[in-house]
Amino acid sequence: MNMTCRQMTPNLGAEITGIDIANLDNKTFDTIYDAFNRHSVVVIRDQNITPEQHVDFSRRFGKLMIHVLKDELLEEHPEVYLISNVVENGKPQGRPNAGQYWHSDLTYEKTPSKGSVMYAVEVPECGGDTMFAHTAAAYDALSEPMKEFLDDKTAIHHFRHAIEKYTKNIPGTAPVPEEALNARPPVEHPVIRMHPETGRKCLFVNPGFTVRIKDLALDESDTILEHLYRHMTKPQFFYRHSWQPRDIVLWDNRSLMHCAVGDYGPEQRRHMHRTTIMDSEAA
Ligand SMILES: O=C(O)CCC(=O)C(=O)O
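So, here is what we can say about the structure in this document. Just so it is clear, the structure is predicted and the values come from calculations on it, not from any experiment.

Moving on, we come to the site of the ligand. In the vicinity of the ligand, the contacting residues are Ile83, Ala98, Gly99, Asp105, Thr130, His258, Ala260, Met272 and Arg274. Of all the elements in the fold, those that place two or more residues in the shell around the ligand are strand E18 (256-260) and strand E19 (271-278). Tallied by class, the residues present in the shell around the ligand amount to 4 nonpolar, 3 polar and 2 charged.

In structure tokens, the structure reads:
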């Protein structure tokens, strides 16, 4: 097989073809890793893999995180978080409607995530896309005074924020157990983070988990965050992935936000497996 890597937009996204992620030599893996840092979203189509192969591939990027929603994990491989609207024999097969708001994965953790690897097991005939927005390109495009203003700011992130603000209002979504909500108290992260591998500065706030910017009055924080979110989701910072079964999409949570599009009905099955890689080096 001949490997190719095609850049999909100037700011983010690349598609790699001609590889089998279950059988990768180190040199091919290094090319994928390089594309992950360079393009932030990497699409690899038509991979026929088991959960074990998914976990093994993900582990090559770093230590894996176990999602706080314990009921949504694959029993034999708890590193795999199940995002699914499928119900078998009355039993939901994962968390439906997950991530239907802009966020970066697990910024509510003290050590957030480096990246995620999602495998499409079943997808709707159409709809159920995932949108990505590049937070380094968005940072670069800010004015110098705004960059200076944000430079020393810190933001508070909280898992409960996304659940109360977004998830509670999506019909057909089960409440998150209080135990899981209480297991993740608020944490703080810098508003601007240096990507440890590219050296680029990235905006590190997101509508899902960021509650507010510390030390600003609440209305000041809300105004700045609203401005940043409008800016970060401009079309030039954007890639929208339309899933096919057996797609692997690998994304960099240090330089992106993403949002799942909830435009398909319950009659359309969507079943995804996700692993989450821990960030060991965020600055
Ligand atoms: O289902 C998707 O497309 C993405 C879900 C999501 O936001 C996530 O895995 O963090």
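The next subject is the nonpolar core. Counting residues in hydrophobic clusters, the biggest one holds 63 residues, and the most contacted among them are Val41, Val42, Ala133, Val191 and Leu203. Excluding residues that lie within four positions of it along the chain, Val191 makes contacts with Leu150, Lys153, Thr154, Ala155, Leu203, Phe204, Val205 and Ile213.

A few words now on the environment of Trp243. You can see Trp243 is positioned in the loop between strand E16 (238-241) and strand E17 (248-252). Its 21 C-beta neighbours within 10 Å are what place Trp243 among the buried residues. Note: C-alpha distance between Trp243 and Thr154 (89 residues apart in sequence) is 35 Å. Those residues in contact with Trp243 that sit more than four places away from it in its chain are Ala120, Val123, Gly128 and Asp129.

Let's shift gears to the sheet that holds strand E15 (residues 210-213). Strand order in the open sheet made by the 3 strands is E12-E11-E15, with antiparallel pairing throughout. The outermost strands of the open sheet, each flanked by one partner alone, are strand E12 (187-190) and E15. Strand-to-strand twist across the sheet, computed as the mean angle between neighbouring axes with direction ignored, equals 30°. In terms of strand pairing, strand E11 (residues 154-157) meets E15 through 3 bridges, oriented antiparallel. Paired with Ala155 across the strands is Ile213, a residue of E15.

The next subject is the pairing of E19. The element E19 is extensively covered by neighbouring structure, given that 6 of its 8 residues are classed as buried. The sheet contact formed by strand E6 (residues 77-84) and E19 spans 4 bridges and is antiparallel. Paired with Ser84 across the two strands is His271, which belongs to E19. Relative to E19, strand E9 (residues 113-122) runs antiparallel, the two sharing 8 bridges. Pairing of Ser113 across the sheet is with Met278, part of E19.

Right, let's talk about the sheet that holds strand E10 (residues 130-134) for a bit. Ordered in space as E16-E10-E18, the 3 strands form an open sheet in which the pairing is antiparallel. Whereas interior strands pair on both sides, the edge strands pair on one side only; in this sheet they are E16 and E18. Here the average twist between neighbouring strands, direction ignored, is 20°. Bridging between E10 and E16 involves 4 bridges; their strand directions are antiparallel. If you follow Met131 over to E16, its bridge partner there is Arg240.

Procedures and definitions
Residues numbered from 1 in each chain as written. Predicted model: local features only at pLDDT ≥ 70, side-chain atom pairs only at ≥ 80, totals over all residues. Near = placed C-beta within 6 Å. Helix = DSSP H or I, 4+ residues; strand = E, 2+ residues; numbered from the N terminus. Nonpolar A, V, L, I, M, F, W, Y, C, P; charged D, E, K, R; others polar. Core = buried A, V, L, I, M, F, W, Y, C linked by C-beta atoms within 7 Å. Buried ≥ 20, exposed ≤ 12 C-beta atoms within 10 Å, placed from the backbone. Contact = placed C-beta atoms within 7 Å. Pairing = 2+ DSSP bridges. Axes fitted to C-alpha atoms, helices over the stretch in contact; angles between N-to-C directions.

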